[in-house]
Amino acid sequence: MIPLIDLTAQYQQLKAEIDAAVQQVLDSGQYILGPNVQELENEIAAYLGVRHGVGVASGTDALVLGLRALNIGPGDEVIIPAYTFFATVGAVLTIGATPVFVDIDPLTYCLDVNQVSERISSKTRAIIPVHLYGHPADMQPLLELAHAHNVRVIEDNAQAFGASYAGRKTASLGDVGCLSFFPTKNLGGFGDGGMVVTNHDHIAERVRMLRTHGWKKKYHPEELGANSRLDALQAAVLRVKLRYVDKWNNHRQTLALRYADRLSGLEIGLPHELSPARHVYHLYILRLKERERVIQFLGKNGIATGIYYPQPLHLSKPCVALGYGENSFPEAERASHETLAIPFYPEMTDEQLEHIVNCLKMVVS
Ligand SMILES: *Cc1c(COP(=O)(O)O)cnc(C)c1O
């Protein structure tokens, strides 16, 4: 079976370096936060071109603590795309704020910036653009709009580590950037992990406090915080992988071009890369009219597929109470019926790619 993503291939390639880094942590006795986490925070901040990185327990927590650091909570509205991974809306609901959805751009699957202004109200406190599948949302008009309305921008960069927009790295463009190190992400650890990045000193300081029970001085909490810290094993692994992430992202682009070249002319919607965005292809997403038939055929031929995501957020159970029904966001709903991820990871071989292309050519005209 050709998997959607093969995480062991990446480990095998770096086994000696990763094993040494892990052993060093095991020997050090420092397992939560500590020097490896601090170094990773500095290295990622430098890589992205921001002042601060604060390691937390997951990408979801990065969103929750980022929102809390901006003092967003009950009674506040947060604008988000109707089509993304559930964690984006989960974070907004967790802090008690009200998610306000906008539909997506059918080409990039990111929020349609043209629809944002009509959703801004006197209660809007933030907008969360999601750089879905590795393609940056259209940040320039979004930042202008947010600035004009005095609304904060929190980038959900979980799927787009290393992507850029007009020459600047995503996660560095808004007030707060949220990273996930879930194993399948473009920079992934061997467990859960995340980071909040920001240029604002006070936001970084607040997240540092919130991730450790709300205290700066041990055992003297200033507010109710959380236990949400990055552990040293993950940080040590991520520091090794960070040195390779550009190489992997470049190769993702090469593979994406090869897929696009070999699949052109078929009745298949292919990913787009809209200037000035640089896509890092977290996933390779096709758009298909007869998705189920393609899934069956590829499966019979030893090719895994995945649906990201089968349900738009506004139709998910935790969001029913918000009162959106079917047909509220037609592009989000269409995407949930038509998109299909095919195997894609930097270590994929040419033979695997050719087999997948040939099978697609047999099943789609
Ligand atoms: C993965 C992901 C998250 C959450 O990250 P975790 O580390 O899994 O908590 C948030 N948003 C998006 C778009 C994601 O893909």
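Here the structure is shown first, and the text comes after it.
From a predicted model like this one, the values you see are computed outputs, not experimental measurements.

For the rest of this paragraph, the subject is the site of the ligand. In the vicinity of the ligand, 14 residues are found, and the nearest of them are G59, T60, D156, S180 and K185. T60 places a side-chain nitrogen or oxygen 2.5 Å from an oxygen atom of the ligand. In this structure, an oxygen atom belonging to the ligand sits 2.8 Å away from a side-chain N or O atom of K185. In the complex, 93% of the free accessible area of the ligand, which totals 380 Å², lies under the protein chains. With respect to the pocket detection grid, the ligand is positioned in the largest pocket. Considered class by class, the residues forming the shell around the ligand number four nonpolar, eight polar and two charged.

Below, the discussion takes up the sheet that holds strand β4 (residues 124-127). Taking strand neighbours across the sheet as the criterion, the seven strands line up as β1-β9-β8-β5-β4-β2-β3 in an open arrangement whose pairing is mixed. This sheet does not close on itself; its edge strands, each paired only once, are β1 (52-56) and β3 (98-102). Sheet twist, expressed as the mean angle between neighbouring strand axes with direction ignored, is 25°. Two strands pair when backbone bridges link them, and strand β2 (residues 77-81) and β3 are joined in this way by five bridges, in the parallel orientation. Bridge pairing links I79 to V100 in β3. Running at roughly 15° to β1, helix α6 (residues 201-211) makes contact with β1, β8 (176-180) and β9 (194-198) of the sheet.

This brings us to the environment of F181. Structurally, F181 can be placed in the loop between β8 and β9. Overall, F181 belongs to the buried group, its relative accessible area being 1%. Residues F181 and C110 lie 71 residues apart in sequence; the distance between their C-alpha atoms is 21 Å. Beyond its immediate sequence surroundings of up to four residues, F181 is in contact with L40, I44, L187, G188, G189, G191, G193, G194, M195, L230 and L238.

Tracing the backbone through its elements, the reader meets H314 in the loop between α9 (291-300) and α10 (330-338). Side chain to side chain, H314 and E333 meet in a polar contact 2.8 Å long. In contact with H314, other than residues within four places in its own chain, are A82, F101, C319, Y324, G325, S328, F329 and E333.

Let us now look at the state of the cysteines. Every disulfide links exactly two cysteines, by a covalent bond between their sulfur atoms. Counted by the stated rule, this structure contains zero disulfides. C110 carries a free sulfur, and the closest cysteine sulfur to it, the one in C178, is 15 Å from it.

On to the nonpolar core, then. Judged by nonpolar contacts, the single largest core of 46 residues is most densely connected at L67, V78, Y83 and I154. The set of elements that each furnish at least two residues to this core consists of β1, α3 (59-69), β2, α4 (86-94), β8, α6 and α10. Those residues in contact with L67 that sit more than four places away from it in its chain are I72, V78, A91, V92, I95, I128 and I154. If you look at the next biggest cluster of nonpolar residues, it comprises 30 residues, including V50, A236, Y244 and V245.

Take the pattern of salt bridges next. Under the definition given, this model contains 18 salt bridges. As a salt-bridge pair, E223 and R68 come within 3.9 Å of each other at their nearest N and O atoms. Residue E223 is found in the loop between α6 and α7 (232-242), and its partner R68 is found in helix α3; the two are separated by 155 residues along the sequence. Look at E223 and you get partly exposed, because its relative accessible area is 22%. One salt bridge in this structure joins R125 and D76, with 3.3 Å as the shortest N-O distance.

So, on to the environment of E222. Its location among the elements puts E222 in the loop between α6 and α7. With relative accessibility at 53%, the residue E222 sits in the exposed group. C-alpha of E222 to C-alpha of A160: the two residues are 62 residues apart in sequence and 34 Å apart in space. Dropping the residues within four chain positions of it, E222 is found in contact with M209, G214, W215 and K216.

Conventions used here
- Residues numbered from 1 in each chain as written.
- Predicted model: local features only at pLDDT ≥ 70, side-chain atom pairs only at ≥ 80, totals over all residues.
- Heavy atoms only, no water.
- Near = heavy atom within 4 Å.
- Polar contact = N/O pair within 3.5 Å; in protein donor to acceptor, adjacent residues only side chain to side chain.
- Areas by Shrake-Rupley, 256 points an atom, 1.4 Å probe, with all protein chains shown as cover.
- 1 Å grid on protein atoms, 1.4 Å probe; cavity = no way out; pocket = protein on both sides within 12 Å on 5 of 7 lines; lining within 4 Å.
- Sits in = over half its atoms within 2 Å of the grid points.
- Nonpolar A, V, L, I, M, F, W, Y, C, P; charged D, E, K, R; others polar.
- Pairing = 2+ DSSP bridges.
- Helix = DSSP H or I, 4+ residues; strand = E, 2+ residues; numbered from the N terminus.
- Axes fitted to C-alpha atoms, helices over the stretch in contact; angles between N-to-C directions.
- Contact = heavy atoms within 4.5 Å.
- Buried < 20%, exposed > 50% of the residue type's maximum accessible area, 1.4 Å probe, protein only.
- Disulfide = S-S within 2.5 Å.
- Core = buried A, V, L, I, M, F, W, Y, C linked by side-chain atoms within 4.5 Å.
- Salt bridge = Lys/Arg side-chain N within 4 Å of Asp/Glu carboxyl O.

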